[in-house]
Structures are given as C-alpha cells and as structure tokens.
Amino acid sequence: MIIGVTGTTKVGKSTFIGDFKDRFDKYTSPKESYRDIPDLDLYENGTEESQRLIRDFMFKQIKEVWSKRDTVKQVIMDRTLLDNLAYTLVLYTKGVISDEFLAESFAITKKSMAMFHLVHFIPVTKLDNIPVPEDIDEDFRMATDTILKTFYNAYENRDDLANDLLPATKCAAIDQIFGSREERILLASEILDEDGNVQGG
C-alpha cells in the first residue's frame, strides 16, 4: 500500500503524516526529501530548473518505492507529483515555465499516479485552523490550492483534464482529508482497516 499526501503549503501535511503513522504504525516514509537538494528555489521563487530538480527527484523516489512494494508494503509519502505539477502551473502563469517543460511534467505526473494506491488530498478549507506564517505568499499558496482542487475535481468527474493527468487504468484513488487533527485521522481510518489496508481490498 503506497499512500501519497498532497496539498499546498501549510495545510498540515507533515502533522497528518505523523498522526497517521502513530495510528498505523507499520507505515514508513522515505528518509530523503527534495528539500535536501542544495540551493533550491521554492514556491513563488521557483524556476524551471528548480521544478525540474524537484520533479525528477520525486519521480525517481516513487519509482524506487514502487519497485520495493513486495517487501516494503506500507509507505506514506509527503507530497506527490501532483504538488510539483500544481506549483509548475502557477509558475507557468507567471511566464517562468516553458510549454515543453509543462507538457513533460503532465506526462511524468500521469505515469506516477499509477504507482500510488491512494492519495490523501488536504485542501484549504474553513474547517482547518492552521496558522500561516506571515512570510508565506498567500496568493501563491491559494493559487496552488485552487489548481489541486481542480485536479481533484478532474478525478471525481473524469473530465478532459483527467485524460491528461491520470492514467486510464490502475490510477490511484484520491480522497479529501480535512478538519481537525483527530477528524483527519478519523476520515483516513474510514478507508483503511486495522492493518492499514484499504477496507475490503
């Protein structure tokens, strides 16, 4: 079971993953992170090169996790290629990203979504009471959230965007997780059994 957690910055992804692993203690997470890449420009300061470095790191990581799925059976990952693509799209509107890179990123994201079993999407909602530091660019944060919500709607409705974004078969299931810390874990627990596998799976 490979689970990804996606959402814009400062929605509580890391906290959720920590709480999730407390509840389902057989789950592990990769120790390496794209944040370990030196001199990386992030978020509103991102460039095509920084997005490429992050994208390629994340794609390599999910391929490695997928290749070990028969021995390391329960993994939860902080962020998916959906996040990278959402940030890339926001930067594209600012003229930072080329058409070629954007098309390439869609194709790679689509491939990656066949390697997750489940993606927990944490949207920005009025139910969440998470303080956002003043140094966070709120416009960029919310633009990214809007795109991720558009991705989720594409998954739900299987519209034209879904054809570009998601594999036709063996695509990860995507669900929304929101509310307090306790409510988020309760929502996740409704999907999984006591062993951390999909109910009835």
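Preceding block: the structure.
Residues numbered from 1 in each chain as written. Predicted model: local features only at pLDDT ≥ 70, side-chain atom pairs only at ≥ 80, totals over all residues. Heavy atoms only, no water.

K.L.:
How should the overall build of the chain be read in this particular structure?
P.N.:
Check the secondary structure of the chain and you find seven helices and four strands. Of the regular secondary structure in the chain, the N- to C-terminal order runs β-α-α-β-α-α-β-α-α-β-α. In terms of overall dimensions, the chain is globule-like: its C-alpha atoms have a radius of gyration of 16 Å, near the 17 Å expected for 201 residues. With respect to the principal axes defined by its C-alpha atoms, the chain has extents near 45 × 35 × 35 Å. Within the chain, buried positions represent 47% of all 201 residues. In the chain, 76% of the contacts between residues at least 6 apart in sequence involve partners at least 24 apart. Split by element, the accessible area of the chain, about 10500 Å² in all, is 49% carbon and sulfur. Across the chain, 25 positive and 36 negative side-chain charges occur, with their mean positions spaced 5 Å apart. (Helix = DSSP H or I, 4+ residues; strand = E, 2+ residues; numbered from the N terminus. Rg over C-alpha atoms; globule rule 2.2 N^0.38 Å. Buried < 20%, exposed > 50% of the residue type's maximum accessible area, 1.4 Å probe, protein only. Contact = heavy atoms within 4.5 Å. Areas by Shrake-Rupley, 256 points an atom, 1.4 Å probe, with all protein chains shown as cover. Lys, Arg positive; Asp, Glu negative; His and termini not counted. Charge placed at Lys NZ, Arg CZ, Asp CG, Glu CD.)

K.L.:
Just checking my understanding: could you explain the sheet that holds strand E1 (residues 2–6) for this structure?
P.N.:
Within a beta sheet, neighbouring strands are joined by backbone hydrogen bonds and run either parallel or antiparallel to one another. Reading across the sheet, the four strands line up as E2-E1-E3-E4 and stay open at both edges, with parallel pairing between neighbours. On the outer flanks of this sheet lie strand E2 (75–78) and strand E4 (173–176), each paired with one strand and no other. Strand-to-strand twist of the sheet, defined as the mean angle between neighbouring strand axes without regard to direction, takes the value 20°. As paired elements, E1 and strand E3 (residues 118–121) share four bridges and run parallel to each other. Across the sheet, the residue bridging to isoleucine 3 is leucine 118, located in E3. Helix H1 (residues 13–23) rests against E1, E2 and E3 of the sheet, and its axis sits at about 165° to E2. (Pairing = 2+ DSSP bridges. Axes fitted to C-alpha atoms, helices over the stretch in contact; angles between N-to-C directions.)

K.L.:
So what exactly am I meant to see when it comes to the environment of glutamine 176 here?
P.N.:
Mapped onto the elements of the fold, glutamine 176 is located in strand E4. For glutamine 176, a relative accessible area of 28% corresponds to the partly exposed category. Linking glutamine 176 and valine 119, residues 57 residues apart in sequence, is a C-alpha distance of 8.5 Å. Filtering out sequence-adjacent residues up to four positions away, glutamine 176 remains in contact with Phe121, Pro123, Tyr152 and Leu187.

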